[in-house]
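Here is how the chains run, residue by residue.
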Amino acid sequence: MMDNRSGPYAALLLRLILGTMFLAHGLTKLLVLTPAGTADLFQRVGFPGFLAYPIIAFEIGAGVMLILGIYARWIAAIAFMQLLVASTVHFGNGWSFSNPKGGWEYPVFLALTALALALLGDGIYVLKRSGTP
């Protein structure tokens, strides 16, 4: 049974952590790698380069929405799927993120964190509740 007193705070914490990660990753793709560089990276790992642009937008937008608590449950559900697909790039590299080209544990962990938030709900201090599935 979930503790109704601390559960909403747990969802808030997950929301803030996941939102910060998405914002950081999206801004890194935008400002450090650049959109063109990200598109090139996507092509080198087997994804169409044009996907870099909506992914950058999603990661920045999702990060902001999660932090602010705007439809957090639904954003987390979409993030779960996006992170599972991103994880496939790393499956052949082994477990550890310190392996050449990174391992799969970090993106899979983030995917499962997003799934946990989607299942848990929006939490407290939200601007727009997702509603129930």
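Refer to the preceding data block for the structure.
Residues numbered from 1 in each chain as written. Predicted model: local features only at pLDDT ≥ 70, side-chain atom pairs only at ≥ 80, totals over all residues. Heavy atoms only, no water.

Visitor: How should I be thinking about a nonpolar patch on the surface in this particular structure?
Guide: Residues Leu 27, Leu 30, Leu 31, Val 32, Leu 33, Leu 41 and Val 45 make up a contiguous nonpolar surface patch of about 580 Å² in total accessible area. At 4 residues, helix H1 (residues 7–32) tops the list of elements feeding residues into the nonpolar patch. Using a relative accessible area of 33% as the deciding quantity, one classes Leu 27 as partly exposed. (Patch = residues over 30% accessible without salt bridge, like charges linked within 9 Å, V, L, I, M, F, W, Y side chains within 5 Å. Areas by Shrake-Rupley, 256 points an atom, 1.4 Å probe, with all protein chains shown as cover. Salt bridge = Lys/Arg side-chain N within 4 Å of Asp/Glu carboxyl O. Helix = DSSP H or I, 4+ residues; strand = E, 2+ residues; numbered from the N terminus. Buried < 20%, exposed > 50% of the residue type's maximum accessible area, 1.4 Å probe, protein only.)

Visitor: How should I be thinking about unusual backbone geometry in this particular structure?
Guide: Excluding glycine, most residues fall at negative phi; most peptide bonds, likewise, are trans. With a phi angle near 50°, Tyr 71 is a residue other than glycine that sits in the positive phi range. With respect to the element layout, Tyr 71 can be found in the loop between helix H3 (52–68) and helix H4 (72–87). Of note in this structure, Tyr 125 is not a glycine but carries a positive phi near 55°. Relative to the helices and strands, Tyr 125 resides in the segment after helix H5 (105–120). Since its relative accessible area comes to 60%, Tyr 125 is described here as exposed.

Visitor: How do you make sense of the packing of helix H2 (residues 35–44) against H3 when you look at a structure like this?
Guide: The relative placement of two packed helices is expressed as an angle between their axes plus a distance between the axes. Running from N to C, H2 and H3 point in directions that differ by 115°, and their axes come no closer than 9 Å. When the axes of H2 and H3 are compared, the crossing they make is right-handed. In this structure, H2 contributes Pro 35, Ala 36, Thr 38, Ala 39 and Phe 42 to the contact, and H3 contributes Ala 52, Tyr 53, Ile 55 and Ile 56. Grouping the constituent residues of the contact of H2 with H3 by class yields 8 nonpolar, 1 polar and no charged. (Axes fitted to C-alpha atoms, helices over the stretch in contact; angles between N-to-C directions. Left-handed = near helix turned anticlockwise from the far one by under 90°. Contact = heavy atoms within 4.5 Å. Nonpolar A, V, L, I, M, F, W, Y, C, P; charged D, E, K, R; others polar.)

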